[in-house]
Amino acid sequence: MVDPVLSLAAESQTSQINDWLWTVKPDFVPGWAVPLTAVLLAVGIAIAIVSMVTMAGTWLERKVSGHIQCRYGPMRVGWHGWLQPIADGVKLLLKEDMVPTGADRPLFLLAPALVLASIFGAMVAFPLAPDFYFADVDLGIFMILAMTSTTTIGVVMAGWASNSKWSLYGAMREAAQVIAYEVPLGIALLVPVMVAGEFNLIEVSNGQAGGMGVFRWYIWPWMNPFMLPAFVLFFVAILAETKRAPFDLPEAESELVAGFMTEYSGIRWSFFFMEEYAAMFLYCVVGSFFFFGGFESPLTSLARLTDVHVLVQVAAAVTIVTKGFAGLFLMMWLRWTLPRVRIDQVMTMGYKYLTPIALACVLGGGAWEVAVSPHLPWVN
Amino acid sequence: MTSTETQAGSITRTEGGVLPTGEREFMLDVKTSDLEINMGPQHPATHGVMRILCRADGELCTGAQPHLGYLHRCAEKIGESVEWLQYLPYTDRYDYLAAMNNNLGYSMAVEKLMGIEIPRRALMIRTICAELNRIGSHLIAFGTYGLDIGAFTPFLYMFREREWMMALFEKICGARLTYSYIRIGGVFNDAPPGWLSEVERFCDTFDVKWQEYVDLLMVNHIFVKRTANVGVIPKDMAIDFGLTGPMLRGSGVDWDLRRDEPYELYDEICREGVFEIPLGSGERGTLGDCWDRVYVRVMEMREAIKIVRWCLDNIEPGPVIADIPKTLKIPPGEAYVGIENPRGELGHYVVSDGGKVATRVRVRAPSFVNLAVLEAIMPGTLLADAIAIIGSTDIVVGETDR
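These figures come from a predicted structure and were not determined experimentally. (Residues numbered from 1 in each chain as written. Chains lettered and ligands numbered in written order. Predicted model: local features only at pLDDT ≥ 70, side-chain atom pairs only at ≥ 80, totals over all residues.)

## Quick look at helix 2 (residues 33-68) of chain A
And step 1. Compared with an ideal rise of 1.5 Å per residue, which puts 36 residues at 52 Å, helix 2 of chain A spans 51 Å between its outermost C-alpha atoms and is within 8% of the ideal.
And step 2. Within two residues after helix 2 of chain A, C70(A) carries a phi angle of roughly 60 degrees, on the positive side. (Helix = DSSP H or I, 4+ residues; strand = E, 2+ residues; numbered from the N terminus. Expected span 1.5 Å × (residues − 1).)

## A word on the domain arrangement of chain B
And step 1. When cut into domains, chain B gives domain 1 (1-31) and domain 2 (75-368).
And step 2. Each of domain 1 of chain B and domain 2 of chain B has a C-alpha centre, and these two points are 52 Å apart. (Domains from an automatic or database assignment.)

## Things to note about the environment of V320(B)
Residue and element names in this part refer to chain B.
And step 1. Mapped onto the elements of the fold, V320 is located in the loop between helix 14 (290-314) and strand 6 (333-341).
And step 2. Residues V320 and E59, 261 residues apart in the sequence, show an inter-C-alpha distance of 56 Å.
And step 3. Those residues in contact with V320, other than ones at most four positions away along the chain, are P119, R121, A122, I125, G186, V187, N189 and D190. (Contact = placed C-beta atoms within 7 Å.)

## Thoughts on the confidence of the model for chain A
Residues and elements named next belong to chain A.
And step 1. Overall, the predicted model of chain A reaches an average pLDDT of 84, with 96% of residues at or above 70.
And step 2. Of all the helices and strands in chain A, helix 1 (residues 13-24) carries the lowest mean pLDDT, 73, while helix 9 (residues 227-241) carries the highest, 91.
And step 3. Counting interchain partners and residues more than four positions distant, the pLDDT-below-50 stretch residues 1-10 has 17 contacts. (pLDDT = per-residue confidence, 0-100.)

## Thoughts on the sheet that holds strand 6 of chain B
Residues and elements named next belong to chain B.
And step 1. Spatially, 6-7-8 is the arrangement adopted by the three strands of the open sheet, whose pairing is antiparallel. Pairing within the sheet leaves two strands with one partner each, and these edge strands are strand 6 and strand 8 (358-364). Sheet twist, expressed as the average angle between the axes of neighbouring strands with direction ignored, equals 15 degrees.
And step 2. Sheet analysis places strand 6 next to strand 7 (residues 344-352), joined by nine bridges and oriented antiparallel. For A335, the partnering residue across the bridge sits in strand 7 and is V350.
And step 3. Strand contacts of helix 5 (residues 99-114): strand 6 and strand 7, with the helix running at about 150 degrees to strand 6, the strand carrying the most contacts. (Pairing = 2+ DSSP bridges. Axes fitted to C-alpha atoms, helices over the stretch in contact; angles between N-to-C directions.)

Here it is, written out as structure tokens:
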């Protein structure tokens, strides 16, 4: 039985859970409860994955920054502090949930939820392995870009509702910055989309199969020389999109105290934090799918040789998560090295340089796809 | 600027033909005014409890007014009620990043009244300590400036070297921040065995690290873009505001008390041409911009190392404190001594009526004087630039308020 809710994801984990639930359903349970339970379970699994990624991300950030700065980072809670995120989570949960006087209470409470919901929504389109996903969205990358854009609304809401001038500044900067960089981000992603001829992340990954799992990645100049500049544009744009240094203006500590998060504390504050790491990871994963082979790696190629289905899935999952964290590490490395740019420099760079260059990349990449690629034996 | 004027200003802006007719009429009813924001007293970039009242039009800072007094501890008044030597620890507390230099300034003022001769070894150790403390102070200035601009890591690197410098001071006097080591008549005690050779090791290490910091932050493209052409203080403005120290030299004015009004050993050091006085040159932007001021501090660290090396080469055994009684009775009179602190000219004006207690201890604090220029250079900059400018003045609030 196919429920309309699940028709979007016919082969997804959600529908698999649904099918399995039908087989174990006792008679007294009404039929409508089954798809509902399936969705709730799937959401639970999705949230667990996102939370784990976020926790690993915060731990990694501390360790990376620590080692860059000649210190160890957290060392006390668990081996090399690996339980630190849990300790922090417990601390943040137990903190008082404060709403400042004069704040717009409903908006203030809604904003972190909206921010987190949008990033969870975007995560739906992220396939963890070729056969393990919650929704096989044909326009996957559109879905991700659209959902992550809505975090801006949450941030602006938070900045406005806080009734603090610093928060308002942070929110306005976020709005200006994100809008300015979404344009080059989207355009830069068009280049690999053209090369792949697909919007679906799994299909994009499949397009890069072969070549020992490495040599057919889209990033290589022999696939399309316009991919490398497109990737640089993409990477700069995701730094700005995720408010990471050197584009951390919305929360610029030395200027705006904590930007749009100034008035937040406890678990609500941590929602913004989780969103940041989840978004970073998600964008890095998107980058890996469109430029660095997605599921394809020597590991996956080896696993395919064994012809064991589970092994291939695990290898693919390990590959994509590793690539995501490699991107995360790069972003952290930059954060702990570079100073912050100024708002006018951010705007100038976004509109005057990145967007035209991205457009040029699309033109060049498209022309290459039409004129050169069909004649290259290794591309087809 | 009153609010009516602001309003009128914004109406003129909208009437300039920017907005379509309907919207322009709508805007006539909208009251607009600049945003007044309180930067501080609790703000990560004000380097202590200082408050800067900013008037901002969006990201544009249209006015700024520093408000002081949050760290006022009546240091000068205390000077009138404690004995001469007892006041020494209070000098540690005004510029707590350069306590050795403060000790030195006060001691020299009192010594001038007393007219005593300081043993040569004491002068050597004083110079070493003052210059090491200059390095420590500039490390903080440069590191926190990176922090203001958004680079977190260089700050911690600089703390690593500063930590060693503080450990050196801990070895010589037992304190890490408030030393009270340079006394009236000399220094409190001789350097412990091996201390001088450790200072030499510090100098060797620091030379390498210094280059690292320059490569990491000073010539970083983003850093240069953020600081060059920002907060320009022209030469004559710097002189008009009575700026001293790196703030003055950043604007290209060649004035350093160590050379121009030499005290203690600096006369001899200058004659031997041991060190140079770095000046801002507008190398990356305009003369007197934030980058120039930071550049002067960074170069001064290397020059300070040269002075320390010279002292290490020339130091000889001998007494480290002149023969002075425990309870000082200073002959009546008045004396002013200005010395080159890391932040500029630290002046001590002391008046004695011949008793055990000073009649007046007046401190000319460089941070306080340098701060005044903020109001003149901050309007018209972006909010992020305002932070860069505050950072480049390198104020220590303990000193502005005393």
